Amino acid sequence: MSNSKLYKGSLTTIILKLLNEHDKMYGYEITQKVKALTKGELKITEGALYPALHKLEAEGLLDVEVAKVDNRLRKYYKLTETGTKETVNKLEELAEYIKTMQTLVNPKLV
Amino acid sequence: MKLSEEDIQFINTYLENSDVVFADIRMEMVDHVASDIESRMEAGDTRSFYDVFKTYMVENKGQLLKDNKQFLKSADKKIWKAFLKALLSPMTPLLFLIAYVVFYVVYLNVGIETFRLIISYVPLIGLSGFLLTYVVYHKVKNLKRFSVVERLAFPFLVFYQLPNLVFNFSNQTKDLRTILWVIGFVSFILTIKILLVVISIELFMNYEKRFKNIA
């Protein structure tokens, strides 16, 4: 991720959330979706995205499907049952984190 | 605009020459690079494929190869997870028990010197099992080199070397109690080796299934 180290800790949650909203996605698609949703504010680099995806796969949160698309093989990721449950936990954690940060940074808003 | 088969092959060869040797890692990188180049060309970049590719690599090669290293860590994690799962399965104590009984019966029937000779071949049995599986899938079935499978060679080598230390240590003993411990240890090593061979076969089958009809 090029923009900020602050986003780094939330990368897993971002990936899980996107996969929760889509049946399956491939790596490049995830980077483009994030870029589009944040209007270019957040750019996920290959060096950050794929290790995160592979880690989630190794932990059993993601399942993989390979298909031939446009003369090449494409690896699609989708959530496993455990992954779907973990997404809920991660989103709750993130919401809690944002709330806490809000309290610290801008107490008047809370 | 979609890249041609030759363009894809070019990216694949370039990455292979950049030490991305495992097909499963390279496959994903090829798709990412190709998708990005296509996207640039669709957005109005009128240069040739090679020029756009060169620009992409100048900007992103470091990031791509970083992923290669990280992938191997995840591969190791997958192996240990599969190994732990196999170790905790009900088959494991059963395998150990069978191996223990067989070795004990052999010891009672052949005498200590022949028994030592027999158990010295145990580490080799497991290693041969892995090599045989590897040759069948890699050479006969023509599957490409996959990261997780090749990383399995490391635990195989560890459990190949480990018994030699114990054998050297217990080589002179004729004490029954020590011999029973040696039998236990050899049975444990053999059990681990069998589990590793089973994991290798499962991984190969998984890759074969995943890449079936799309090679």
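Source: prediction; values computed, not measured.

Draft legend 1. Geometry of the interface of chain A and chain B. With 27 residues of chain A at the interface, the matching set in chain B holds 30 residues. Summed over both partners, the interface of chain A with chain B comes to about 2,700 Å²; 54% of that surface belongs to carbon and sulfur atoms. The largest per-residue losses of area from chain A upon contact with chain B belong to Y28(A), E46(A) and R72(A), which jointly make up 26% of the total buried on that side. In this structure, the connection of chain A to chain B is made through seven salt bridges. When the shortest N-O distance is used, the salt bridge between R74(A) and D31(B) registers 2.9 Å. Remark: the boundary between chain A and chain B carries 15 residue pairs in polar contact (both at pLDDT 80 or more). Of all the elements in the fold, those that place two or more residues in the side of chain A that touches chain B are α3 (27-37), α4 (46-58), β2 (62-69) and β3 (72-79) of chain A. Here the residues of the side of chain A that touches chain B sort into eleven nonpolar, seven polar and nine charged.

Draft legend 2. How the structure looks around the domain arrangement of chain B. Residue and element names in this part refer to chain B. Partitioning chain B into structural domains gives domain 1 (5-74) and domain 2 (89-211). Taking the mean C-alpha position of each, domain 1 and domain 2 sit 40 Å from one another. Taken together, the contact pairs eight residues of domain 1 with nine residues of domain 2. Regarding the contact of domain 1 and domain 2, the summed buried area is about 690 Å², with carbon and sulfur atoms giving 67% of it. Counting every contact that joins domain 1 to domain 2 gives zero residue pairs in polar contact (both at pLDDT 80 or more).

Draft legend 3. Broad picture of the side chain of S35(B). Topologically, S35(B) is positioned in helix α2 (residues 23-42). By relative accessible area, which is 5% here, S35(B) ends up buried. Other than its neighbours up to four places away in sequence, S35(B) contacts Y26(A), Y28(A), R72(A) and R74(A).

Draft legend 4. Spatial organisation of the nonpolar core. Grouped together as the largest cluster of nonpolar side chains are 62 residues, with contacts concentrated most on I15(A), L53(A), L62(A) and F103(B). Broken down by element, the residue count for this core peaks at 16 residues, all from helix α9 (residues 176-211) of chain B. If we skip the residues at most four places from it in the chain, I15(A) touches L49(A), A52(A), L53(A) and L56(A). Core analysis: the second largest hydrophobic core is formed by 21 residues, V20(B), F22(B), M29(B) and M41(B) among them.

Draft legend 5. Region of the structure containing the pairing of β3(A). All names here are of chain A. Burial runs high along β3: seven of the eight residues are buried. Summarising the sheet, strand β1 (residues 25-26) and β3 pair through two bridges and their orientation is antiparallel. Bridge pairing in β3 places M25 opposite Y77. Here β2 runs beside β3; their pairing, made up of eight bridges, is antiparallel. Note on β3: the bridge partner recorded for V69 is R72. Hairpin remark: β2 followed by β3, antiparallel, with two residues in the connecting loop; positive phi at D70, about 45 degrees.

Draft legend 6. The arrangement of the packing of aromatic side chains in detail. All names here are of chain B. Within this structure, the stated rule accounts for eleven aromatic pairs over all chains. Here the aromatic rings of F10 and F49 are separated by 5.9 Å at their centres, their planes lie at 85 degrees, and the arrangement is edge-to-face. Of this pair, F10 sits in helix α1 (residues 5-17) while F49 sits in helix α3 (residues 49-87); the two residues are 39 residues apart in sequence, bridging distant segments of the chain. A relative accessible area of 31% places F10 in the partly exposed class. Judged by relative accessible area, F49 falls into the buried class, the value being 7%. Arranged with centres 5.1 Å apart and planes meeting at 65 degrees, the rings of F49 and Y50 form a pair that is edge-to-face.

Draft legend 7. Inspection of the sheet that holds β3(A) at higher detail. Spatial ordering of the open sheet is given by β1-β3-β2 (chain A), a layout of three strands whose pairing is antiparallel. At either margin of the open sheet sits one strand with a lone partner, and together these are β1 and β2 of chain A. Running at roughly 95 degrees to β3(A), helix α2 (residues 11-21) of chain A makes contact with β1, β2 and β3 of chain A of the sheet. Taken strand by strand, α2(B) contacts β1, β2 and β3 of chain A, and its axis lies near 100 degrees from that of β3(A).

Criteria and thresholds
Residues numbered from 1 in each chain as written. Chains lettered and ligands numbered in written order. Predicted model: local features only at pLDDT ≥ 70, side-chain atom pairs only at ≥ 80, totals over all residues. Heavy atoms only, no water. Contact = heavy atoms within 4.5 Å. Buried area = accessible area lost by both parts, 1.4 Å probe. Salt bridge = Lys/Arg side-chain N within 4 Å of Asp/Glu carboxyl O. Polar contact = N/O pair within 3.5 Å; in protein donor to acceptor, adjacent residues only side chain to side chain. Helix = DSSP H or I, 4+ residues; strand = E, 2+ residues; numbered from the N terminus. Nonpolar A, V, L, I, M, F, W, Y, C, P; charged D, E, K, R; others polar. Domains from an automatic or database assignment. Buried < 20%, exposed > 50% of the residue type's maximum accessible area, 1.4 Å probe, protein only. Core = buried A, V, L, I, M, F, W, Y, C linked by side-chain atoms within 4.5 Å. Pairing = 2+ DSSP bridges. Phe/Tyr/Trp six-rings, centres within 6.5 Å; stacked < 30°, edge-to-face > 60°. Axes fitted to C-alpha atoms, helices over the stretch in contact; angles between N-to-C directions.

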